[in-house]
Structure formats: C-alpha cells, structure tokens
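Structure at a glance
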Number of protein chains: 2
Amino acid sequence: MEVRSRAPGKIILAGEHAVVHGSAAVAASIGLYTSVSIRLPSVNDKDDTLALHLMDAGLEFSWPVGRIKEMLPNSVNNDASSPTTCCEETIKLILIALKDFKIPDAKIGIASGVIAFLWLYTSILGNKAAKVIVSSELPLGAGLGSSAAFCVSLAGALLALSDAVAVDFDQEGWVSFGEKDQQLANRWAFEGEKIIHGKPSGIDNTVSTFGNMIKFKSGVLTCIKSNMVLKMLITNTKVGRNTKALVAGVSERKNRHPDAMTSIFTAVEFISNEFASIIQSTSCSDDEVVQKEQRIRELMEMNQGLLQCMGVSHASIETVLKTTCKYQLTSKLTGAGGGGCVLTLLPALLSATVIDKVIRELEECGFQCLIAEIGGKGLEFRFEGRS
Amino acid sequence: MEVRSRAPGKIILAGEHAVVHGSAAVAASIGLYTSVSIRLPSVNDKDDTLALHLMDAGLEFSWPVGRIKEMLPNSVNNDASSPTTCCEETIKLILIALKDFKIPDAKIGIASGVIAFLWLYTSILGNKAAKVIVSSELPLGAGLGSSAAFCVSLAGALLALSDAVAVDFDQEGWVSFGEKDQQLANRWAFEGEKIIHGKPSGIDNTVSTFGNMIKFKSGVLTCIKSNMVLKMLITNTKVGRNTKALVAGVSERKNRHPDAMTSIFTAVEFISNEFASIIQSTSCSDDEVVQKEQRIRELMEMNQGLLQCMGVSHASIETVLKTTCKYQLTSKLTGAGGGGCVLTLLPALLSATVIDKVIRELEECGFQCLIAEIGGKGLEFRFEGRS
C-alpha cells in the first residue's frame, strides 16, 4: 500500500518583524509543495527496514526495524492520536546513530530533519518497515517554510496510514482530512518543527496544514478566506541570513528609538489588517480586481519602506526591488529579510512576456525565481495502487 | 561704493512631506552660497543705468533709470523699512518690459527672479543706477533653496546700502546684521520668494537669513543651535520633479490608507524631534561624536524608509542609496523627492579617499556632487573698496 501526501510552503504577506512587537501579520500558503510518499511492504514481503530517501538532498538512509527499537525504545508504545514531544535524550541517541551515514558537512542541517522524521514515524506508525520518499519544490532555508511543509506532509501521510484518523481508502485523487484530523496533523507537525527549529512560532505548520491565509497577532492565529486570485513571483536571493540576529537588531533599534519604532510597528499593524480585509472582500468585475491589486501594491510598497526603517533590508533585496520596479512591478521582502526571498505581485492582466523578461533579468543576477499562487490548499493526500 | 553679500542654501534634514500633515521637520543651512555684489556709481559717474548680470545663467540685463520709473511708477515712494508685496499689475508691467531681452526658452524660469530683483531693488533703494552681479554655488531648481538664497542675499546687499539698517562701513571682512535687521532682510526676501514661488512656506528664506537649523511644525519656526559639525555629501540627481504632484500624491495615499499613513507621519515627527535633540546636545569626546553620527545615520535610514512608504522615492534616488551603501554610508532624499537631491552623511573620521571614490562613482551615473557643512552661518555682507 502506498500513500502520498503534499503540503505547501508559506510566505509572509505583511507584518514580519513587527509581529514580534505585538502587531498583526498575514501569512499565506503558496502553490509549491513538499511531497511525501510512504510505501508499506506487502504481506509477503520479508523486508524489515525503514528506508528514507530525501530526493532533493540526494541522501538515502535505512535502518533495520530492530535498530530503531534501540534508538527509540518507547516507540512501541506509540499513540498516533496524542502528539508528544521528542526529549533531548532521544535526540542525542538518534544523532549518534546518524553518524553511521556520514552526512556531508554542507548538508548537516538535514540531520535535524531526519531526527524529526524518525520521531514522527515511530510515534505515529511505531516500528514498521517502509520506503519513504521525500521531494520538494521549496528551496531549503529560504524562509518559505520548507521544514514545516516537510513535517506537515510527513505527519499527514503517516496519519493516513494510522488508526488515528478516519480516511476512505477508495477516494480518488487528492483529498483533504476533516478539520479535526487536520488539527491532529498540525499538532504532530509542530512537534517535528520543534526538533528542527527549537522554538517555532507554529505559524509555518499551521499555514501548511490549513492552506489559505492566516492572520496572527500576539500568538493568536485566525484563518482568513481569500476571495481573490493572487499570484506572486518569489525571488530567492540565495543570500543566507541570520534570523535571530535580524530580530535582535530590530529590538535594539526599538530600544534606541522607542517612540518612532512604536509608530512604525503601529503602521505595520494597520497595513496587515488592511491587507487581510482586501483579500477577504469579494470582487466581481475585472475593474474591481485591478483596484484591489493596486491597493495591495501600495500596501506592499509601504510595508517594504517600514521594513527598511527597521534596518532588515539588504543590497540583494534592493536589487530585486530596482529590477522589478523597471517593469512597474511592486516588491517587498518576505520573512526575516537580510537576504532571503522577495515577493513581487504579478497582476492578473500582466503579460507573460513581461514576466519572462523580469525573470530572465533576475536570474542573470544569480537569483532563483519561482511563480506561485497564494492562499491555495493545505495538506492533502491520496492513496496509490489500490488493488 | 560696492557691497557684497552672501546667503546660504538649505536642505531638509528630516520631516519633508510629513510636515504638510502636521509633523515636525528640521531644515538646515548649507555651506553653499549665492552672492550678490552691488556697485553704486561714483559721484562723478554719469552712468544712469541699472545693470544686472546673472553670472551662472550667462544673462545680462540693463535698464535706463527712466525706464524703471515707467515700469514701477511707485518705486519713488520706497520705504526700505516696510516690506511690501508686489501686485499682479506690476508683475505684468515688468514681464512686458522683459520681452526686450529675449530670454532663451530654457531659462524662462529666470524671468520671475528678475521681477523679484526689480521689485526688491526699487522698493529698497528706489531709482538708482548700479551694477549688480549675482553668482551662486547652488544648482537651480534642485530643492536647495537657490531662489531664497538669491532673495536673501539681494535683500541683504540692498539693505546694507539703504538707510533702513544700521551698518558700520568700516568693519572688515564678512559681518552679519543685528537680529532686527536680519528679520527685515528676511521679510523682504519673503516678498521676493512670493514673486518667484507664489505661496512659499517661508522656511527657505528663514534658514538662508539666520543660518544654523530650524525646526518647523504647523507653521511655527524655531531656531536650533547646532552643537556638532555635520558634513553632508549632496548628490543632485538632476531629475526634475513636480513638487505639487508629489505632495498631492502623499495626500491621496493618506486618503486611501488613513490609519497607516497617520502612524507613518507620527513616526516622522519622533524622528525630527530626535534629530533636533541630537544636534543640539553637546559632545566632548570623539567617541561621543561617533555615537551621535551613528544615531543620525539610523534616523536618516528610518526617515528614508518612511519617505518610501509615502511613495516619493525615485529610481535615481535608489541608485544613490545603493551606491553610497556600498561604502557603508547612509543616505536619504531631501526635499520633495521624485528625483532632486539626496543627502549622504560624511562621518567626521571618514577618509578623503573614500569620499573621492563615492563621488567618482556617483558622477559616473551622471549626478552632480557637492560637499557642504550643515548648519553654518546665514546672511552676511562686506563693503569693498572703502577708500
């Protein structure tokens, strides 16, 4: 039996950094997915290994089921309906076991993903042999929520094979869980994110699970139903950034200029709220869509200016802004800044020729360009080879 | 007898555009001057013409004194101690008379300057023959207050030759008027500015007259005593801009996003106030100066971000920002934006080599670079050829 699942990445549409200081922010899923395929051996198959193939990293791992019992002694008591946190001790045990695989230095960050995999796998399915294949359209470490998409997709595929959720094996094509099961997948994915990130906000996995858009403020997440098609060009500058240092830098600037920075965060709050309300409002005519796009562009420009006030822009981001500006397109950084990714709104009536030109010019700067629809579906799964 | 006078240009250090919506702004004089020299004929000289030579424009005008009486029939009743406004009728009369001079189309903007000249000259000195020479270090129409510097310098030279102010002809070198006489020169200059600009704010002529810095908010001007040497690179992008349209654009954006824009203007208010207080605070050690410069840089970066929020930046401005950023220098637009001039702080300890490199690179982009000390002296005059 094989189950496949997919979960989308995310972008921050408005409010990054200011959200740390109590303002609202808006995140959205993007139409770029991380897919997980889990194939359980057939009844006659004597294979008793758990194999993990990370396609994009070009890494393969496999463990005899007996070895897994040693690494994760509690995994036989798995209860897929009650997400539990992986303790430090277990992480250490798995890390030791991972040394056998000689992960190249350049890919050492993947180790935490493998730990999260083993924790979720054994916690949800127990000690079972299987072949797991992971592939992704999302660049790693670019702030597009690739780790959350991985955890959500994995949790979804595992839960579909577990007794914890009610799924109909005969459904064809991609299907979603019911809301209660989505929540369970989200909670499991959050446990995986904790292994990878330490203290994740929970935003990435929530967006990836439920799709669409989410407004978040002071730890409270609210789902937003988008009522417009929004297409973005996502430019990955490939400039690595230190999110912690960027967040700390904004806080220091706030300490130095408390009044001005508080007003700046307040302005961001208004921008996020206006962004959310434009997206939720219905529009009938083409004219209305153009008007909404115009307002979104203005809000993006304003938010970008405010992010520059916070000191989190970067020369590479400015290059993207300048390049897209030449084509009358509006861009803003998304996420932590200091490099990372830049969003450019692609208006509904923009010609493909212009899009091609912009992309060519950005790629000539060494950037990676992705086009994605914003606010699409979240976690989905399908059964393959039902026979 | 010859009197020479000089009056400086100005820059907006912080708060442009937001000032229109009630926030504070800070303007400062710059060490770039417009000079006026007036030579009265000696007693035996039979020359009865008034000649005006605008050195930078390469234009010369001259009028027999009798012709001036026709153009400005009230000019015989001049009272230099009571500034009066030039009426529309007089402007029309002078414009007709100016047709004799065939001013080239490209320099037609200068006509209003010549009208202001004739008005100030005849109102303060009456119908007297003289040779007047004007030269300037300030680019015209770049937002550096060249017209105000012209009016202030002219009013100062004229008043020095009139009975309305008390001056000591035996003083050597550049001297300033007393405060009361400065105020008189400022009021006359404002009358000249009205001829050139229609509805000037009065900020440019006030900064040019009194020098130093001025905080202005809701029409109230407050002089600020600077306690630090501040040197700026002023880059003239030479991109002409429509100030009225830019101001209107900000107002329209405020109408569309009132809450966010109000917070943005509030942030600017805090930045202007902080800027003013840093400049006024005394500093003893080099370390303290470096710290103050660091805070000023941060405020400039924040103000620039907020101006981008208002939508008044321009590709040429972004090019200057990017170029100076490469050398770890901070810049912001000054004035209306949409082109015009950009300020770059030149820290006290910055090497001349770096300054040369930045200037060379900016000039290669077709920009004009000027270095100026900020917050220096205002209107000054001197008598030449006392014999």
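What you see is a predicted model, and the numbers here were worked out from it, not measured in a lab.

Our focus in this paragraph is the overall build of chain A. What chain A contains, in helices and strands, is 11 helices and 12 strands. Along the longest, intermediate and shortest principal axes, the C-alpha atoms of chain A span 60 × 50 × 40 Å. Within chain A, the fraction of its 387 residues that count as buried is 56%. Restricting the contact set of chain A to residue pairs at least 6 apart, pairs at least 24 apart contribute 78%. Carbon together with sulfur atoms contributes 51% to the accessible area of chain A, which is approximately 16300 Å² in total. Computed over 38 positive and 41 negative side-chain charges, the inter-centroid distance for chain A is 3 Å.

Here the focus is the interface of chain B and chain A. If you look at the interface, chain B gives 27 residues, while chain A gives 27 residues. With both sides pooled, the region where chain B packs onto chain A buries about 2300 Å², and carbon together with sulfur makes up 58% of that total. Of all residues in chain B, His257(B), Glu298(B) and Met302(B) bury the most surface against chain A, accounting for 24% of the area lost on that side. Summed over the shared surface of chain B and chain A, the number is six salt bridges. The salt bridge involving Glu301(B) is made with Arg253(A); its shortest N-O contact spans 2.6 Å.

What follows covers the pattern of salt bridges. Residues and elements named next belong to chain B. Applying the stated criterion to the full structure yields 30 salt bridges over all chains. Glu380 is the salt-bridge partner of Arg6, the closest N and O atoms lying 3.0 Å from each other. Of this pair, Arg6 sits in strand E1 (residues 2–14) while Glu380 sits in strand E12 (residues 380–384), placing them 374 residues apart in sequence. Judged by relative accessible area, which is 22%, Arg6 ranks as partly exposed. By relative accessible area, Glu380 is classed as buried at 3%.

So, on to the relation of the copies chain B and chain A. With an RMSD of 0.1 Å, the operation that places chain B on chain A is a rotation of 180° combined with a shift of 0.0 Å along the axis. Overall, the copies show the geometry of a two-fold rotation axis. Scanning chain B for the C-alpha nearest the rotation axis identifies Gly305(B), at a separation of 2.2 Å.

A packed helix pair is summarised by two numbers, namely the angle formed by the two axes and the spacing between the axes. All names here are of chain A. The interhelical angle for the contact between helix H7 (residues 243–256) and helix H8 (residues 258–280), taken along N-to-C directions, is 125°, at an axis separation of 5 Å. In terms of axis orientation, H7 runs oblique to H8. Residue-level contacts link Val250, Arg253, Lys254, Asn255 and Arg256 of H7 to Pro258, Met261, Thr262 and Phe265 of H8. Here the contact of H7 with H8 is composed, by residue class, of four nonpolar, two polar and three charged.

Residues and elements named next belong to chain B. With respect to the element layout, Ala149 can be found in helix H4 (residues 146–161). The exposure class assigned to Ala149 is buried, which follows from its relative accessible area of 0%. Measuring from C-alpha to C-alpha, the distance between Ala149 and Thr206 comes to 9.7 Å, with 57 residues separating the pair along the chain. Once you skip the residues sitting within four places of it in the chain, Ala149 turns out to touch Ala7, Pro8, Gly9, Thr34, Leu138 and Ser208.

Residue and element names in this part refer to chain A. With respect to the secondary-structure elements, Ser37 resides in strand E2 (residues 25–39). A polar contact of 2.9 Å, which involves the side chain of Ser37, links it to the side chain of Glu2. Contacts of Ser37, omitting those with residues within four sequence positions, involve Glu2, Val3, Arg4, Lys131, Val132 and Ile133.

Moving on, we get to the packing of aromatic side chains. Aromatic ring pairs: the centre-centre distance and the angle between the two ring planes describe each pair. All names here are of chain A. Applying the stated criterion across every chain yields a total of 16 aromatic pairs over all chains. A ring pair is formed by Phe117 and Tyr121, whose centres lie 5.6 Å apart and whose planes are at 40°; its orientation type is tilted. Pair noted here: Phe117 and Tyr121 are both in helix H3 (residues 110–125), with a separation of four residues, about one helical turn. By the burial criterion, Phe117 is buried, and Tyr121 matches it.

What follows is about the nonpolar core. In this structure, Leu13(A) and Leu13(B) are the most contacted members of the largest nonpolar core, which totals 122 residues. Every residue in contact with Leu13(A), bar those within four places of it in the chain, is listed here: Val26(A), Ala27(A), Ala28(A), Met213(A), Met232(A), Phe275(A), Ile279(A), Asn303(A), Lys332(A), Leu343(A) and Ile374(A).

This next bit is on the environment of Glu380(A). On a C-alpha basis, the gap between Glu380(A) and Ala97(A) in space is 32 Å, while along the polypeptide they are 283 residues apart. With residues up to four places along the chain from it excluded, the contact list for Glu380(A) reads Arg4(A), Ser5(A), Arg6(A), Trp174(A), Val175(A) and Ser176(A).

With that out of the way, let us pick up the confidence of the model for chain A. On average, residues of chain A score 93 in pLDDT, and 99% of them reach the 70 mark or higher. Reported confidences for the modelled complex are a pTM of 0.90 and an ipTM of 0.89.

A word on unusual backbone geometry. Even without a glycine there, the phi angle at Asn212(A) is positive, about 55°. Mapped onto the secondary structure, Asn212(A) falls in the loop between helix H6 (203–210) and strand E6 (213–217). Note on Asn212(A): relative accessible area 19%, which makes it buried. The phi angle at Ser218(B) is positive, at roughly 50°, despite the residue not being glycine.

Right, let's get into the domain arrangement of chain A. Residues and elements named next belong to chain A. Split into domains, chain A comes out as domain 1 (2–224 + 377–384) and domain 2 (230–374). Placing the centre of domain 1 and that of domain 2 at their C-alpha centroids yields a distance of 28 Å. Between domain 1 and domain 2, the contact holds 30 residues from the first and 39 residues from the second. Buried area between domain 1 and domain 2, summed over both chains or domains, comes out near 2500 Å², and the portion from carbon and sulfur atoms is 66%. Contact with domain 2 buries area across many residues of domain 1, yet Leu13, His17 and His21 alone supply 26% of it, more than any other trio. Our count for the domain 1 to domain 2 interface comes out at two salt bridges. Here Lys332 makes a salt bridge to Glu16, at a shortest N to O gap of 2.9 Å. The interface formed by domain 1 and domain 2 contains 13 residue pairs in polar contact (both at pLDDT 80 or more). Mapped by element, the contributors of at least two residues to the side of domain 1 that touches domain 2 are strand E1 (2–14), E2 and E6.

Residues and elements named next belong to chain A. Along helix H2 (residues 88–98), the residues classified as buried are Thr90, Ile91, Ile94, Ala97 and Leu98. Relative to the axis of H2, the buried residues are bounded by an arc of 125° and lie together on one face. In H2, those exposed residues whose orientation departs by more than 90 degrees from the buried face are Glu88, Glu89 and Ile96. As for H2, its buried residues are in contact with strand E4 (59–64), helix H1 (65–71), H3 and helix H5 (179–197).

What follows concerns the side chain of Glu269(A). Looking at the element boundaries, Glu269(A) is found in helix H8. Glu269(A) has contacts with Gly22(A), Ser23(A), Ala24(A) and Lys217(A), leaving out every residue within four places of it along the chain.

In this section: the state of the cysteines. Residues and elements named next belong to chain A. Counted by the stated rule, this structure contains zero disulfides over all chains. The thiol of Cys151 is unpaired, and the distance to the nearest cysteine sulfur, on Cys86, comes to 12 Å. There is no disulfide at Cys325, and the cysteine sulfur nearest it, in Cys365, is 14 Å away. When its relative accessible area of 44% is taken as the criterion, Cys325 is described as partly exposed.

Conventions and cut-offs
- Residues numbered from 1 in each chain as written.
- Chains lettered and ligands numbered in written order.
- Predicted model: local features only at pLDDT ≥ 70, side-chain atom pairs only at ≥ 80, totals over all residues.
- Heavy atoms only, no water.
- Helix = DSSP H or I, 4+ residues; strand = E, 2+ residues; numbered from the N terminus.
- Buried < 20%, exposed > 50% of the residue type's maximum accessible area, 1.4 Å probe, protein only.
- Contact = heavy atoms within 4.5 Å.
- Areas by Shrake-Rupley, 256 points an atom, 1.4 Å probe, with all protein chains shown as cover.
- Lys, Arg positive; Asp, Glu negative; His and termini not counted.
- Charge placed at Lys NZ, Arg CZ, Asp CG, Glu CD.
- Buried area = accessible area lost by both parts, 1.4 Å probe.
- Salt bridge = Lys/Arg side-chain N within 4 Å of Asp/Glu carboxyl O.
- Least-squares fit on C-alpha atoms with pLDDT ≥ 70 in both.
- Axes fitted to C-alpha atoms, helices over the stretch in contact; angles between N-to-C directions.
- Parallel < 35°, antiparallel > 145°, perpendicular 65-115°, else oblique.
- Nonpolar A, V, L, I, M, F, W, Y, C, P; charged D, E, K, R; others polar.
- Polar contact = N/O pair within 3.5 Å; in protein donor to acceptor, adjacent residues only side chain to side chain.
- Phe/Tyr/Trp six-rings, centres within 6.5 Å; stacked < 30°, edge-to-face > 60°.
- Core = buried A, V, L, I, M, F, W, Y, C linked by side-chain atoms within 4.5 Å.
- pLDDT = per-residue confidence, 0-100.
- Domains from an automatic or database assignment.
- Arc of directions from axis to C-beta.
- Disulfide = S-S within 2.5 Å.

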